[in-house]
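Observations on chain architecture
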Amino acid sequence: MERRYSLGPYLAGAVAARAGDEMSGPALMLAGFAIAGSATEASSLLAGITAAAAVGGPVLGVLLDRAERPGRLLACALLLYAAGLGTILMGLGRLPIAVSVLIAVFTGLLGPALSGGWTAQLARVVPRAGLSRANALDAMTFSVASLTGPALAGGVAELLGAPVAVTVSVVLIGMAVPSAWTLPVHAGSARNGPATRRRGRPSSVIGSLVSGARVMVRRPYLARATLTSVICCVAEGMLTACLPLLGERVLGDAGRGALLLSCAAAASLGANAVLSRSRHSITPDTIIWIGALVQAAALAMAAIDQPAVLIVAMIVTGIGQGPQLTALFAVRHREAPESLRSQIFTTGASLKITGFALGVAAAGPIATWSLPAALAPAATLAALAAFPFRVIHRRT
């Protein structure tokens, strides 16, 4: 009989890894802002650690699909990612900022391991009958991580300093390693080895990369969900780059800007909980583009220079983001072939991370000059994210 692993350790590891990841971004920005005193240099660190995901995600996904023990490969990726964060921290103030950004770029190659790399293993952890519930719980780990990570980053940075906040994020990621190490064996690889690869998937890494890209482009439901989510991530990155300045100018302290992400995460978690309990006929595909429009409205509100309005805007942001992420996972599980599942998830995650990096890099310099000038394009992008979704819908 095929061995089934408990969902508990999977979720515990996912929360720890993702909380550390969610904490590391704001903590790095706050550390760069505190040491360099520049929003541009602070945002460049975050952009650097996320920019390389487009390259690392697909390759990591192929390796996970081919590994007999993908959990061990995932554990090694987590260790290297944590080590990279520690190296960046030790170099701040000692190395030129360009060197720190370069280290961040190499570290970011492993970023998709903390998101898509985990979720791709879910189908091996639970039976197919329980996948829908497990998928909702997995998506909620992102909300829990988004709630605790920025709150820890802002709180620890305010009490003990931003470098300590980065250290805590490294520890959290390290705590997820045992859970990753014990994830289930890849049954097809273990039983059949090369024969399975010959029958079900290309024999070369490049062949697998091409096959995965073809699936993502040619399956319209998967393509439109991916495109809409990536554009939303560009807008999200632009908002994140503005948070230290929003915290400083609107709320009185840069560290409070990171706490705003916790408002969005709490709303995201609540929206997912309500959606999971209600009986509704809305398809995951529809939820994705509606979520984009909700986020666009929230970003427009964030441009208003009022503390109460800013907090409400972050809550509305979470209401749009949470159900959209759950729906995106549902579409990926539905559309991804088993032999390419890890690659589809890590590639999708890497595209989102890269879109986020582009948003951070674009908005950082603009936010220093004018916060509304950075937030208005972000709102426009989020609104436009629903447009390609509807165009592809008509063609299908």
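It should be noted that the structure appears before, not after, this text.
A brief report on the enclosed structure follows.

Definitions and cut-offs
- Each residue is numbered by its place in its chain's sequence as written, counting from 1.
- Residues qualify for local features only when their pLDDT is at least 70, as the model is predicted, and side-chain atom pairs are given and counted only at 80 or more; totals for whole chains, interfaces and linings, by contrast, use all residues.
- Water and hydrogen atoms were dropped before computing side-chain values, which therefore reflect all heavy atoms in the structure.
- A run of H or I in DSSP becomes a helix once it reaches four residues, and a run of E becomes a strand once it reaches two; helices and strands are each numbered from the N terminus.
- Accessible area is worked out with a 1.4 Å probe on protein chains only. A residue is then buried under 20% of its type maximum, exposed over 50%, and partly exposed in between.
- Two residues form a contact once any of their heavy atoms are found within 4.5 Å.
- Here the open area of atoms and residues is found with the Shrake-Rupley method and a 1.4 Å probe, where only the protein chains shown may cover a residue.
- Note on definitions: salt bridges are taken to be side-chain nitrogens of Lys or Arg within 4 Å of carboxyl oxygens of Asp or Glu.
- What makes a nonpolar core is a set of buried Ala, Val, Leu, Ile, Met, Phe, Trp, Tyr and Cys residues whose side-chain atoms join them at distances within 4.5 Å.
- Each patch is built from salt-bridge-free residues with over 30% relative accessible area, joining like charges within 9 Å and nonpolar side chains (Val, Leu, Ile, Met, Phe, Trp, Tyr) within 5 Å.
- Axis geometry follows a simple rule: fit a line to the C-alpha atoms, using only the stretch in contact for helices, then measure angles between N-to-C directions, giving values from 0 to 180 degrees.
- Angular relationships are summarised with four words: roughly parallel below 35 degrees, roughly antiparallel beyond 145, roughly perpendicular across 65 to 115, and oblique for the angles in between.
- Helix crossings fall into two classes, left-handed where the near helix is turned counterclockwise from the far one by less than a right angle and right-handed where it is turned clockwise.
- Amino acid classes used here: Ala, Val, Leu, Ile, Met, Phe, Trp, Tyr, Cys and Pro are nonpolar; Asp, Glu, Lys and Arg are charged; the rest, including Gly, are polar.

This part is about the overall build of the protein. Scanning the protein from terminus to terminus reveals 20 helices and 0 strands. Residues counted as buried form 56% of the 396 residues belonging to the protein. For the protein, the share of sequence-separated contacts (at least 6 apart) that also reach a separation of at least 24 residues comes to 85%. Counting every atom, the protein has about 15800 Å² of accessible surface; 67% of that belongs to carbon and sulfur.

To continue, consider the pattern of salt bridges. Tallied over the full model, the rule gives 4 salt bridges. In this structure, Arg224 and Asp285 form a salt bridge, with 3.4 Å as the shortest nitrogen-oxygen distance. With Arg224 in helix 14 (residues 220–250) and Asp285 in helix 16 (residues 284–302), this pair connects stretches of sequence that are 61 residues apart. Arg224 gets classed as buried once you look at its relative accessible area, which sits at 3%. Given the relative accessible area of 6%, Asp285 is considered buried. Ionic pairing is found between Glu335 and Arg334, a salt bridge with its closest N-O pair at 2.9 Å.

Note on placement: Glu335 falls in helix 17 (residues 307–335). The contacts of Glu335, once residues within four sequence positions are left out, are Arg219, Tyr221 and Leu222.

Turning to the nonpolar core, a few remarks are in order. Counting residues in hydrophobic clusters, the biggest one holds 82 residues, and the most contacted among them are Leu7, Tyr10, Ile49, Leu78, Trp118 and Leu246. Examining the composition of this core, we find that 13 residues originate from one element, helix 1 (residues 7–36), more than from any other. Those residues in contact with Ile49, other than ones at most four positions away along the chain, are Leu28, Tyr81, Leu85, Ile88, Ala104, Val105, Thr107 and Gly108.

A cluster of nonpolar residues, Val55, Leu102, Phe106 and Leu109, forms a patch on the protein surface that exposes about 390 Å² of accessible area. One can find Val55 in helix 3 (residues 53–66). For Val55, a relative accessible area of 57% gives the class exposed.

Remark: helix 16 packs on helix 17, axes separated minimally by 8 Å, with the N-to-C direction vectors making an angle of 160°. In terms of orientation, helix 16 lies roughly antiparallel with respect to helix 17. When you trace helix 16 past helix 17, the crossing you get is left-handed. Of the residues contributing to the contact of helix 16 with helix 17, the split by class is 19 nonpolar, 6 polar and 2 charged.

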